[in-house]
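# Per-entry structural report
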Amino acid sequence: MEKLLIEAKNLIKTYGEGEGLTYALNDVSINVYEHDFLVILGGSGSGKSTFLNMLGGIDKVEKGEIIVNGEDIVKYNDKQLTLYRRNTVGFVYQFFNLINDITVYQNVVLAPGSRDKERALALLDRVELKEKKDKFPRQLSGGQQQRVAIARALNKQSDILLCDEPTGALDDASGKAVLKLLEEIHNEGKTIVLVTHTREIAGMANRIITMKNGRVVKEEQNDNIVKAEEVVW
Ligand SMILES: Nc1ncnc2c1ncn2[C@@H]1O[C@H](COP(=O)(O)OP(=O)(O)OP(=O)(O)O)[C@@H](O)[C@H]1O
Ligand SMILES: [Mg+2]
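Below: a short report on this structure. The model shown is predicted, which means the values in this text are computed figures rather than measured ones. (Residues numbered from 1 in each chain as written. Chains lettered and ligands numbered in written order. Predicted model: local features only at pLDDT ≥ 70, side-chain atom pairs only at ≥ 80, totals over all residues.)

Around ligand 1, the neighbouring residues are Tyr 15, Thr 22, Ala 24, Gly 42, Ser 44, Gly 45, Ser 46, Gly 47, Lys 48, Ser 49, Thr 50 and His 197. Broken down by secondary-structure element, the contributors of at least two residues to the shell around ligand 1 are strand E2 (22–33) and helix H1 (48–55). When residues in the shell around ligand 1 are grouped by element, the largest group, three residues, is from H1. A per-class count over the shell around ligand 1 returns two nonpolar, nine polar and one charged. (Near = placed C-beta within 6 Å. Helix = DSSP H or I, 4+ residues; strand = E, 2+ residues; numbered from the N terminus. Nonpolar A, V, L, I, M, F, W, Y, C, P; charged D, E, K, R; others polar.)

Helix length check: helix H5 (residues 142–154) (13 residues) gives 18 Å between terminal C-alpha atoms against 18 Å at 1.5 Å per residue, within 8%. For H5, a buried count of 11 out of 13 residues is recorded, marking the element as mostly surrounded by other parts of the structure. Turning to H5, its buried residues number three or more, namely Gln 144, Gln 145, Gln 146, Arg 147, Val 148, Ala 149, Ile 150, Ala 151, Arg 152, Ala 153 and Leu 154. Turning to H5, the residues buried within the fold contact strand E6 (89–92), helix H3 (104–109), helix H4 (117–126), strand E7 (160–164) and helix H6 (172–187). (Expected span 1.5 Å × (residues − 1). Buried ≥ 20, exposed ≤ 12 C-beta atoms within 10 Å, placed from the backbone. Contact = placed C-beta atoms within 7 Å.)

Here we come to unusual backbone geometry. Positive phi outside glycine occurs at Asp 27, with the angle close to 70°. Mapped onto the elements, Asp 27 comes out in strand E2. Despite not being glycine, Asn 213 shows a phi value in the positive range, around 45°. Assessed through the 14 C-beta atoms surrounding it within 10 Å, Asn 213 is described here as partly exposed.

The structure is reproduced here in structure tokens:
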């Protein structure tokens, strides 16, 4: 059994009150093991982003625990959370979230926690965008912007990469390039948690968890892992 990296226990998150009360997470417990490529599947509104944002220390948990490296990050104060976000998890978003008025290179260097400017260039080379380093994000295609966002996340040198629908805003070819990159990163040892509503992408995962209405409704091992190259959607 691989080492347990994240243990999320009995997470609850609600929005609204009275008639309008919604359980975004309704008693969700999910483990993440070292070297997992974990895909969390579910339709719109099932709670995927809410869950991922909690693992990323972005959203506040109402009830429950998230044990990472033996510590419950739910109990962290703001300063501890900032450090956690900076050092422990990388985040890739559907709409890239690059800073638009600085260059591609600066976006990668400015990754909180990045210590090495050489490393930023090497990472841009790695995602095949070194020649775009002095461009601004708007001068890049969506797929290129997402690769910059991945380079930025990698610059944190964290063990875990959290991806929220990373291909959701991309055409098929760009989406596939992003999946291939994630596959490589995973093969190099990174633990990946990817949320998506695209069933086909789950083929890449060693574990698949399905969510519905703020709950985990299914948990599967996948013994028939599909290469990014072969994912069709
Ligand atoms: N800031 C908010 N205020 C009120 N309700 C919210 C808020 N954020 C999320 N919700 C609700 O919580 C539920 C879960 O939302 P969440 O964004 O986690 O879903 P999701 O699975 O990521 O969906 P999608 O695939 O559309 O991104 C939804 O019912 C949503 O309406
Ligand atoms: Mg979402």
